[in-house]
Amino acid sequence: MDNLFPGEPIALNLPDADVTYYPKFYDTTQSDAMFNELFEAIPWQQDDIRIFGKTHAQPRLTALFGNDGKPYSYSNIIMQPQPWSSILLKIKNQVENIAQTHFTTVLLNLYRNGKDSNGWHADNEKELGKNPVIASVSFGASRIFHLKHNLQPQLKQSIILESGSLLLMRGGTQHFWKHQIPKTAKPIGYRINLTFRVIQ
(Lines give C-alpha, C1' and ligand atoms only; values in the text may rest on other atoms or scores of the structure.)
Protein backbone atom coordinates (compact mmCIF):
# COMPACT_ATOMS: atom_id res chain seq x y z
CA MET A 1 0.00 0.00 0.00
CA ASP A 2 1.53 3.29 -1.08
CA ASN A 3 1.41 5.84 1.72
CA LEU A 4 1.28 9.12 -0.20
CA PHE A 5 -0.23 11.14 2.63
CA PRO A 6 1.18 9.74 5.88
CA GLY A 7 -1.06 11.87 8.08
CA GLU A 8 -4.26 11.01 6.24
CA PRO A 9 -6.57 8.09 7.10
CA ILE A 10 -6.95 5.37 4.48
CA ALA A 11 -10.41 3.81 4.17
CA LEU A 12 -10.19 0.22 2.93
CA ASN A 13 -12.68 -0.44 0.17
CA LEU A 14 -14.01 -3.75 1.48
CA PRO A 15 -17.59 -5.05 1.13
CA ASP A 16 -19.47 -5.76 4.38
CA ALA A 17 -16.80 -3.93 6.38
CA ASP A 18 -15.84 -0.54 7.79
CA VAL A 19 -12.05 -0.49 8.19
CA THR A 20 -9.89 2.66 8.34
CA TYR A 21 -6.10 2.76 8.67
CA TYR A 22 -4.21 5.70 10.17
CA PRO A 23 -0.52 5.03 9.29
CA LYS A 24 1.01 7.82 11.40
CA PHE A 25 -1.34 8.14 14.35
CA TYR A 26 1.82 8.64 16.44
CA ASP A 27 5.14 9.93 15.10
CA THR A 28 8.38 7.97 15.42
CA THR A 29 9.54 9.68 18.62
CA GLN A 30 6.19 9.12 20.35
CA SER A 31 5.98 5.52 19.12
CA ASP A 32 9.48 4.61 20.34
CA ALA A 33 8.84 6.14 23.76
CA MET A 34 5.50 4.35 24.16
CA PHE A 35 6.96 1.03 23.03
CA ASN A 36 9.76 1.27 25.59
CA GLU A 37 7.43 2.21 28.43
CA LEU A 38 4.91 -0.53 27.63
CA PHE A 39 7.61 -3.16 27.11
CA GLU A 40 9.06 -2.48 30.57
CA ALA A 41 5.93 -1.69 32.57
CA ILE A 42 3.34 -4.24 31.40
CA PRO A 43 3.19 -7.54 33.36
CA TRP A 44 3.24 -9.78 30.29
CA GLN A 45 1.97 -13.35 30.59
CA GLN A 46 1.81 -16.41 28.35
CA ASP A 47 -1.37 -18.45 28.59
CA ASP A 48 -2.03 -21.96 27.33
CA ILE A 49 -4.65 -22.53 24.63
CA ARG A 50 -6.36 -25.75 23.55
CA ILE A 51 -6.46 -26.51 19.81
CA PHE A 52 -8.08 -29.73 18.62
CA GLY A 53 -7.83 -31.19 22.11
CA LYS A 54 -4.15 -30.39 22.55
CA THR A 55 -2.69 -27.74 24.86
CA HIS A 56 -0.14 -25.30 23.47
CA ALA A 57 1.57 -22.19 24.80
CA GLN A 58 0.00 -19.16 23.13
CA PRO A 59 2.44 -17.86 20.46
CA ARG A 60 2.69 -14.37 21.97
CA LEU A 61 2.51 -12.68 25.38
CA THR A 62 -0.60 -10.86 26.54
CA ALA A 63 -2.05 -8.57 29.21
CA LEU A 64 -5.52 -7.16 29.89
CA PHE A 65 -6.37 -3.77 31.38
CA GLY A 66 -9.76 -2.18 31.83
CA ASN A 67 -12.71 -1.23 33.97
CA ASP A 68 -13.51 -3.23 37.10
CA GLY A 69 -15.61 -6.35 36.64
CA LYS A 70 -15.13 -6.61 32.86
CA PRO A 71 -13.30 -9.91 32.24
CA TYR A 72 -12.61 -10.95 28.66
CA SER A 73 -12.73 -14.52 27.35
CA TYR A 74 -11.48 -16.00 24.08
CA SER A 75 -10.15 -19.43 23.04
CA ASN A 76 -11.23 -20.83 26.45
CA ILE A 77 -9.04 -18.23 28.20
CA ILE A 78 -10.68 -15.94 30.76
CA MET A 79 -8.61 -12.84 31.53
CA GLN A 80 -9.27 -10.53 34.47
CA PRO A 81 -8.40 -6.87 33.81
CA GLN A 82 -5.83 -4.90 35.70
CA PRO A 83 -6.55 -1.23 36.52
CA TRP A 84 -5.76 1.29 33.79
CA SER A 85 -2.22 2.67 33.92
CA SER A 86 -1.47 6.30 33.08
CA ILE A 87 0.09 5.54 29.67
CA LEU A 88 -2.81 3.27 28.67
CA LEU A 89 -5.34 5.92 29.71
CA LYS A 90 -3.45 8.48 27.63
CA ILE A 91 -3.52 6.26 24.53
CA LYS A 92 -7.15 5.29 25.22
CA ASN A 93 -8.28 8.93 25.34
CA GLN A 94 -6.48 9.76 22.09
CA VAL A 95 -7.94 6.72 20.32
CA GLU A 96 -11.44 7.48 21.64
CA ASN A 97 -11.32 10.94 20.05
CA ILE A 98 -10.95 9.30 16.63
CA ALA A 99 -13.19 6.29 17.19
CA GLN A 100 -15.95 8.30 18.92
CA THR A 101 -16.32 5.33 21.27
CA HIS A 102 -15.74 4.95 25.01
CA PHE A 103 -13.68 1.78 25.42
CA THR A 104 -13.87 -0.34 28.57
CA THR A 105 -10.94 -2.67 27.94
CA VAL A 106 -7.62 -3.08 26.13
CA LEU A 107 -6.00 -6.40 25.24
CA LEU A 108 -2.24 -6.07 24.74
CA ASN A 109 -0.16 -8.50 22.66
CA LEU A 110 3.63 -8.73 22.60
CA TYR A 111 5.06 -10.42 19.51
CA ARG A 112 8.69 -11.33 20.27
CA ASN A 113 9.75 -12.48 16.80
CA GLY A 114 8.36 -13.83 13.53
CA LYS A 115 7.30 -17.10 15.19
CA ASP A 116 4.84 -15.23 17.39
CA SER A 117 1.50 -14.84 15.65
CA ASN A 118 -2.27 -14.61 15.94
CA GLY A 119 -4.29 -17.09 13.85
CA TRP A 120 -7.44 -16.48 11.84
CA HIS A 121 -10.23 -15.15 14.04
CA ALA A 122 -12.90 -12.48 14.40
CA ASP A 123 -13.39 -10.31 17.47
CA ASN A 124 -16.98 -11.48 17.76
CA GLU A 125 -17.25 -12.71 21.34
CA LYS A 126 -20.73 -12.28 22.80
CA GLU A 127 -19.62 -9.74 25.41
CA LEU A 128 -18.41 -7.37 22.66
CA GLY A 129 -21.97 -6.77 21.41
CA LYS A 130 -23.53 -6.88 17.94
CA ASN A 131 -21.27 -4.57 15.89
CA PRO A 132 -18.12 -4.13 17.98
CA VAL A 133 -15.73 -1.25 17.46
CA ILE A 134 -12.13 -2.51 17.62
CA ALA A 135 -9.26 -0.01 17.66
CA SER A 136 -5.82 -1.53 17.12
CA VAL A 137 -2.64 0.46 17.88
CA SER A 138 0.83 -0.87 16.97
CA PHE A 139 4.31 -0.03 18.28
CA GLY A 140 7.65 -1.56 17.32
CA ALA A 141 8.31 -3.83 14.34
CA SER A 142 5.91 -3.70 11.39
CA ARG A 143 3.81 -6.84 10.81
CA ILE A 144 1.52 -7.95 8.01
CA PHE A 145 -2.20 -7.99 8.86
CA HIS A 146 -4.41 -10.24 6.71
CA LEU A 147 -8.17 -9.98 6.23
CA LYS A 148 -10.40 -12.48 4.42
CA HIS A 149 -14.16 -12.60 3.83
CA ASN A 150 -16.09 -15.44 5.48
CA LEU A 151 -18.48 -16.07 2.57
CA GLN A 152 -16.32 -15.01 -0.38
CA PRO A 153 -12.84 -16.45 0.30
CA GLN A 154 -11.42 -14.81 -2.82
CA LEU A 155 -11.91 -11.43 -1.11
CA LYS A 156 -8.67 -10.77 0.75
CA GLN A 157 -6.69 -7.74 1.92
CA SER A 158 -3.20 -7.35 3.37
CA ILE A 159 -1.96 -4.30 5.27
CA ILE A 160 1.42 -3.60 6.83
CA LEU A 161 0.73 -2.33 10.34
CA GLU A 162 3.49 0.17 11.03
CA SER A 163 4.76 1.47 14.35
CA GLY A 164 2.53 4.29 15.54
CA SER A 165 -0.41 3.23 13.38
CA LEU A 166 -4.08 2.90 14.28
CA LEU A 167 -6.45 0.43 12.59
CA LEU A 168 -10.14 1.00 13.24
CA MET A 169 -12.69 -1.78 12.53
CA ARG A 170 -16.39 -0.99 12.85
CA GLY A 171 -19.87 -1.98 11.68
CA GLY A 172 -20.31 -5.53 10.39
CA THR A 173 -16.58 -6.17 9.92
CA GLN A 174 -16.38 -8.88 12.60
CA HIS A 175 -19.46 -10.65 11.20
CA PHE A 176 -18.16 -10.95 7.66
CA TRP A 177 -14.37 -10.91 7.95
CA LYS A 178 -11.62 -12.76 9.80
CA HIS A 179 -8.13 -11.42 10.40
CA GLN A 180 -4.70 -12.68 11.45
CA ILE A 181 -1.08 -11.76 12.10
CA PRO A 182 0.75 -14.61 10.32
CA LYS A 183 4.09 -16.12 11.22
CA THR A 184 7.08 -15.02 9.17
CA ALA A 185 10.52 -16.57 8.62
CA LYS A 186 12.06 -13.12 8.22
CA PRO A 187 14.15 -11.80 11.11
CA ILE A 188 11.85 -9.34 12.84
CA GLY A 189 11.90 -7.42 16.10
CA TYR A 190 9.46 -6.99 18.95
CA ARG A 191 5.98 -5.59 18.29
CA ILE A 192 3.42 -4.42 20.85
CA ASN A 193 -0.23 -4.25 19.80
CA LEU A 194 -3.10 -2.75 21.79
CA THR A 195 -6.67 -3.64 20.82
CA PHE A 196 -9.26 -1.44 22.50
CA ARG A 197 -12.80 -2.78 22.77
CA VAL A 198 -16.10 -2.30 24.59
CA ILE A 199 -17.22 -5.15 26.84
CA GLN A 200 -20.96 -4.96 27.44
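Details of the structure are given in the entry above.
Residues numbered from 1 in each chain as written. Predicted model: local features only at pLDDT ≥ 70, side-chain atom pairs only at ≥ 80, totals over all residues. Heavy atoms only, no water.

Can you walk me through the pairing of strand 2 (residues 18-22) in this structure?
Successive side chains on a regular strand alternate, one facing one side of the sheet and the next facing the other. Counting buried positions over the 5 residues of strand 2 gives 4, a clear majority of the element. Here strand 1 (residues 10-12) pairs with strand 2 via 3 bridges, running antiparallel. Looking across to strand 2, one finds that Ala 11 is bridged to Thr 20. Counting the residues between successive antiparallel strands, the hairpin from strand 1 to strand 2 contains 5 residues, one of them, Asp 16, with a positive phi of roughly 60°. (Buried < 20%, exposed > 50% of the residue type's maximum accessible area, 1.4 Å probe, protein only. Helix = DSSP H or I, 4+ residues; strand = E, 2+ residues; numbered from the N terminus. Pairing = 2+ DSSP bridges.)

Teacher, can you tell me more about the sheet that holds strand 9 (residues 118-121) here?
Within a sheet, neighbouring strands are paired by backbone hydrogen bonds and run either parallel or antiparallel to one another. The 4 strands lie next to each other as 9-14-11-12, forming an open sheet whose pairing is antiparallel. Pairing within the sheet leaves two strands with one partner each, and these edge strands are strand 9 and strand 12 (156-161). Adjacent strand axes in the sheet meet at a mean angle of 15° when their direction is disregarded. Bridging between strand 11 (residues 143-149) and strand 12 involves 6 bridges; their strand directions are antiparallel. Pairing of Lys 148 across the sheet is with Lys 156, part of strand 12. (Axes fitted to C-alpha atoms, helices over the stretch in contact; angles between N-to-C directions.)

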